Amino acid sequence: MKRLLSLLLLGVITPAGAGGPGPEAPPDGAATLRPFKRELLAALTAGLADGAANAIDVCRLQAPALAAAAGGAGITVGRTSHKLRNPANAPRAWLEPLLAARLADPGDREPRTVSLPGGGSGYVEPIYVQPLCLACHGESLVPEVQAKLGKLYPQDQATGFREGDFRGLFWVEFAPPDPR
Ligand code: HEC
């Protein structure tokens, strides 16, 4: 736990710290995403034990909170998709070509790091549909889930997925290092 904490702190402090790694050592997007991915899956799995309709609230409230916790000074974390449930997860401009590239080549499962205008950088990892996702993103939803999603997300496009489908991207945006 202590080790995890120091890793997290390092992740937050290093990119902006004076004398930190130069441009040849980009910030570690994979490490930034790891706790977010793990805790989101844990929250979802725990929520599903009380039924999918209940777990909708877990996902709705926990996902943004966990994303905020995984970020920090100069680091923003999120999820996006070509088929959005929550319009608040719409892709930032730099994510649009990365989403399009995945859709054109769904076999590409590699993470990507890109340079952003202004000196920052971005990191993405693809998200694929697993069996447990289908209760809320699959082709047939139980009426209770359907009704609740319809009420909370009237513009929901994030259904009709099958196991293994590309679902979207986890992303991290690193602000430019301090010019010093
Ligand atoms: C219990 C229902 C439920 C399950 C199960 C579920 N999700 Fe979701 N998912 C949601 C809800 C609700 C949102 C909207 C969250 C928000 O408001 O930010 C969402 C949003 C997302 C988003 C963000 C983009 C968007 O469409 O807004 C991604 C990506 C995503 N889910 C992927 C998955 C994956 C992958 C799984 C399986 C590991 C999964 N979900 C399982 C309910 C669920």
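Residues numbered from 1 in each chain as written. Predicted model: local features only at pLDDT ≥ 70, side-chain atom pairs only at ≥ 80, totals over all residues. Heavy atoms only, no water.

Draft legend 1. A look at the coordination of the iron atom of the ligand. Coordination of the iron atom of the ligand by the protein comes from a single atom, His 137 (NE2), at 2.1 Å. Inspection of the secondary structure assignment puts His 137 in helix α5 (residues 134-137). (Donors = N, O, S within 2.8 Å, 3.2 Å for Na, K, Ca; no water. Helix = DSSP H or I, 4+ residues; strand = E, 2+ residues; numbered from the N terminus.)

Draft legend 2. Region of interest: the packing of aromatic side chains. The full count for this structure, using the stated rule, is three aromatic pairs. Measuring from centroid to centroid gives 6.2 Å for Trp 94 and Trp 171, while their planes differ by 90°, and the two rings are edge-to-face. Of this pair, Trp 94 sits in the loop between β1 (75-80) and α4 (95-104) while Trp 171 sits in strand β4 (residues 166-174); the two residues are 77 residues apart in sequence, bridging distant segments of the chain. For the pair Trp 94 and Trp 171, one class covers both residues: buried. Positioned over the ring face of Phe 161 is Lys 83, at 5.3 Å from the centre of the ring. Across from the ring centre of Tyr 128, 3.8 Å away, lies the NZ or CZ of Arg 109, which sits over that ring. (Phe/Tyr/Trp six-rings, centres within 6.5 Å; stacked < 30°, edge-to-face > 60°. Buried < 20%, exposed > 50% of the residue type's maximum accessible area, 1.4 Å probe, protein only. Lys NZ or Arg CZ within 6 Å of the ring centre and 35° of its normal.)

Draft legend 3. Representation of the packing of helix α2 (residues 29-48) against helix α3 (residues 52-70) within the structure. Here α2 crosses α3 at 165°, and the two axes come no closer than 9 Å. Regarding the angle of α2 to α3, the classification is roughly antiparallel. Of the two elements, α2 crosses α3, and the hand of that crossing is right-handed. Contacts between α2 and α3 pair Thr 32, Phe 36, Glu 39, Leu 40, Ala 43, Leu 44, Gly 47 and Leu 48 from the former with Ala 52, Asn 54, Ala 55, Val 58, Cys 59, Gln 62, Ala 63, Leu 66, Ala 67 and Ala 70 from the latter. Grouping the amino acids of the contact of α2 with α3 by side-chain chemistry returns 13 nonpolar, four polar and one charged. (Axes fitted to C-alpha atoms, helices over the stretch in contact; angles between N-to-C directions. Parallel < 35°, antiparallel > 145°, perpendicular 65-115°, else oblique. Left-handed = near helix turned anticlockwise from the far one by under 90°. Contact = heavy atoms within 4.5 Å. Nonpolar A, V, L, I, M, F, W, Y, C, P; charged D, E, K, R; others polar.)

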